[in-house]
Amino acid sequence: MIKLFRWILGYVKFTFSGGFYENFLTDCFSDGIDIHDVALNDDGFSAYCNIKVYKKLHKYAFKHGGVVKIRKKYGLPFITGPLKNRIGFFVGMVMFVFLLSFLGSFVWNVEVTGNNRISTATVLSYLENNNLKSGVMWSSVDRDNIAWDMMSDFDDISWVHINKIGTTARIEINETSVKPDKDEEKLQGINIYRKELETQAYREQKDMAVKTRKTYKSLRFFSISIPLYLKRQSGDITEESSKFLTIKDTELPIGINTYDEVFYSSVPRTLDDDELTKLARQKLSYLEQQEFDGFEVINKTEDVQIDDDKCIIKSSYIIRRK
């Protein structure tokens, strides 16, 4: 972040030679002159400072019998300096930024995620009929109403959300769960069934623990995202948050995006017999909820087997419809 600001403001590499550099540095530091990355050489030293600071160094160098000289220039002012008399260039830059902002107000890409039973082509065709397609302006897209209409028109959709990610509309779909087929044996022509379930849990388990967390930031200007980092390492989980500039309770499309990359490590753990049986019963309870939805358990018998590696629970049930 500091390097970025230095580059925007401009800085130089200079050398001091022909004098008493110790006294020169002492005076500079005592007066709060910001000089950094000092490297000594045979005739003095080299260092870095910003443009304004360099202009003040001549009087200190003259006072101690030396001279300062710029060896290299860095930063935006030295790039744009030769262009300051070219008005057309800056007008073009302003128009380019305006054009990018204008183009960012359109939907240019539509993504569909989470759909398994409903084809992507069906979803895209439905969205196109509801004015959500490539080339339309975001302001004309009623995302909430489209989401509610999709949940009403598709029986296989339990939840849908339309996210605006720059110029991309990402359609996140959560489909309804399908009741599993029940392997049932009818008993003597009445509405009663016999069912067997088996579950197992292993003694060696791995718990996930947070190993480290790294934070990255990017500057958001309308639909343009400018990273404030050189390299970003992706973690096991990414937590994203945004903070935008607000004026009189109006949120502007200018702000900071924060990405927290969370890295996990696995910690091995060995379960005792009680913990192993408890874990197997939890899995069996979850399986019962899935298999016996809409049924009542009349009778249940259970067989528990524990060895060095795992616990196996075999259960037999007699159930009937509610």
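This report concerns the structure included in the present document. (Residues numbered from 1 in each chain as written. Predicted model: local features only at pLDDT ≥ 70, side-chain atom pairs only at ≥ 80, totals over all residues. Heavy atoms only, no water.)

**Digging into the overall build of the protein**
Argument step 1. From N to C terminus, the protein includes 8 helices and 15 strands.
Argument step 2. Counting only C-alpha atoms, the protein reaches 110 × 60 × 35 Å along its principal axes.
Argument step 3. Expressed as a percentage of the 322 residues in the protein, the buried residues total 29%.
Argument step 4. For the protein, the share of sequence-separated contacts (at least 6 apart) that also reach a separation of at least 24 residues comes to 65%.
Argument step 5. On the protein, the mean spot of the 45 positive side-chain charges and the mean spot of the 45 negative ones are 12 Å from each other. (Helix = DSSP H or I, 4+ residues; strand = E, 2+ residues; numbered from the N terminus. Buried < 20%, exposed > 50% of the residue type's maximum accessible area, 1.4 Å probe, protein only. Contact = heavy atoms within 4.5 Å. Lys, Arg positive; Asp, Glu negative; His and termini not counted. Charge placed at Lys NZ, Arg CZ, Asp CG, Glu CD.)

**Thoughts on the sheet that holds strand β10 (residues 204–221)**
Argument step 1. In space, the 4 strands of this open sheet follow the order β11-β10-β13-β12, with antiparallel pairing throughout. Bordering the open sheet on either side are β11 (224–227) and β12 (237–247), each of which pairs with just one other strand. The sheet shows a mean angle of 35° between the axes of neighbouring strands, direction not considered.
Argument step 2. Two elements, β10 and strand β13 (residues 250–270), share 17 bridges in a ladder whose sense is antiparallel. (Pairing = 2+ DSSP bridges. Axes fitted to C-alpha atoms, helices over the stretch in contact; angles between N-to-C directions.)

**Some details on the packing of helix α6 (residues 120–129) against helix α7 (residues 143–153)**
For any two helices packed against each other, one specifies the inter-axial angle together with the distance between the axes.
Argument step 1. Relative to each other, α6 and α7 sit at 130°, their axes nearing to 11 Å. The orientation of α6 relative to α7 falls into the category oblique. The hand of the α6/α7 crossing is right-handed. Of the residues in α7, those touching α6 at Val123, Tyr126 and Leu127 are Ile146, Asp149, Met150 and Asp153.
Argument step 2. Residues that form the contact of α6 with α7 fall into these classes: 5 nonpolar, no polar and 2 charged. (Parallel < 35°, antiparallel > 145°, perpendicular 65-115°, else oblique. Left-handed = near helix turned anticlockwise from the far one by under 90°. Nonpolar A, V, L, I, M, F, W, Y, C, P; charged D, E, K, R; others polar.)

**With respect to a positive patch on the surface**
Argument step 1. Side chains of Lys52, Lys55, Lys56 and Lys59 sit close together on the surface and give a patch of like positive charge.
Argument step 2. Accessibility expressed as a relative area gives 68% for Lys52, which makes it exposed. (Patch = residues over 30% accessible without salt bridge, like charges linked within 9 Å, V, L, I, M, F, W, Y side chains within 5 Å. Areas by Shrake-Rupley, 256 points an atom, 1.4 Å probe, with all protein chains shown as cover. Salt bridge = Lys/Arg side-chain N within 4 Å of Asp/Glu carboxyl O.)

**Structural notes on the pairing of strand β6 (residues 157–165)**
Argument step 1. Two strands pair when backbone bridges link them, and β6 and strand β7 (residues 168–175) are joined in this way by 8 bridges, in the antiparallel orientation. Counterpart to Lys164 in the pairing with β7 is Ala169.
Argument step 2. Count of turn residues in the β6/β7 antiparallel hairpin: 2 residues, of which Gly166 carries a positive phi of about 65°.

**Some details on the pattern of salt bridges**
Pairing of side chains with opposite charge becomes possible as their charged atoms draw close.
Argument step 1. A complete count under the given rule lists 12 salt bridges for this structure.
Argument step 2. Here Arg203 makes a salt bridge to Asp273, at a shortest N to O gap of 3.0 Å. With Arg203 in the loop between β9 (192–202) and β10 and Asp273 in helix α8 (residues 273–291), this pair connects stretches of sequence that are 70 residues apart.
Argument step 3. Relative accessible area serves as the criterion here: at 41%, Asp273 is assigned to the partly exposed category.
Argument step 4. Of the charged contacts, one joins Glu261 and Arg232 as a salt bridge, the two residues approaching to 2.7 Å between their closest N and O atoms. Taken together, the residues Glu261 in strand β13 and Arg232 in the loop between β11 and β12 connect sequence positions 29 residues apart.
Argument step 5. Given the relative accessible area of 1%, Glu261 is considered buried.

**Focus on the nonpolar core**
Argument step 1. One finds Leu127, Leu132, Met150, Ile171 and Ile173 to be the most contacted residues of the largest nonpolar core, which totals 21 residues.
Argument step 2. Listing elements by their share of this core, those giving two or more residues are β5 (109–113), α6, α7, β6 and β7.
Argument step 3. Here Ile171 is in contact with Val110, Glu111, Val112, Thr113, Leu127, Leu132, Val160, His161 and Ile162, once residues within four sequence places are set aside. (Core = buried A, V, L, I, M, F, W, Y, C linked by side-chain atoms within 4.5 Å.)

**Observations concerning the side chain of Asn163**
Argument step 1. The residue Asn163 is located in strand β6 in this model.
Argument step 2. For Asn163, the side chain forms a polar contact with the side chain of Glu172, separated by 2.9 Å.
Argument step 3. The residues touching Asn163, leaving out its near neighbours within four places in the chain, are Trp138, Arg143, Thr168, Ala169, Arg170 and Glu172. (Polar contact = N/O pair within 3.5 Å; in protein donor to acceptor, adjacent residues only side chain to side chain.)

**A few points about a negative patch on the surface**
Argument step 1. On the surface, a cluster of negative charge is contributed by Asp142, Asp144, Asp149 and Asp153.
Argument step 2. Along the chain, Asp144 turns up in helix α7.
Argument step 3. Judged by its relative accessible area of 55%, Asp144 is exposed.

**Some points on the packing of aromatic side chains**
Argument step 1. Taken as a whole, this structure holds 13 aromatic pairs when the rule is applied.
Argument step 2. Taking the centre distance of 6.2 Å and the plane angle of 55° together, the rings of Tyr11 and Tyr48 count as tilted. Of the two residues, Tyr11 is situated in strand β1 (residues 11–17) and Tyr48 in strand β3 (residues 44–50); the sequence distance between them amounts to 37 residues.
Argument step 3. Tyr11 sits in the buried class, given a relative accessible area of 18%.
Argument step 4. With a centroid separation of 5.3 Å and 70° between ring planes, the pair formed by Tyr216 and Tyr229 is classed as edge-to-face. Highlighted residues: Tyr216 in strand β10 and Tyr229 in the loop between β11 and β12, separated in sequence by 13 residues.
Argument step 5. In this structure, Arg232 is placed above the aromatic ring of Tyr259, and the distance from its NZ or CZ to the ring centre is 4.2 Å. (Phe/Tyr/Trp six-rings, centres within 6.5 Å; stacked < 30°, edge-to-face > 60°. Lys NZ or Arg CZ within 6 Å of the ring centre and 35° of its normal.)

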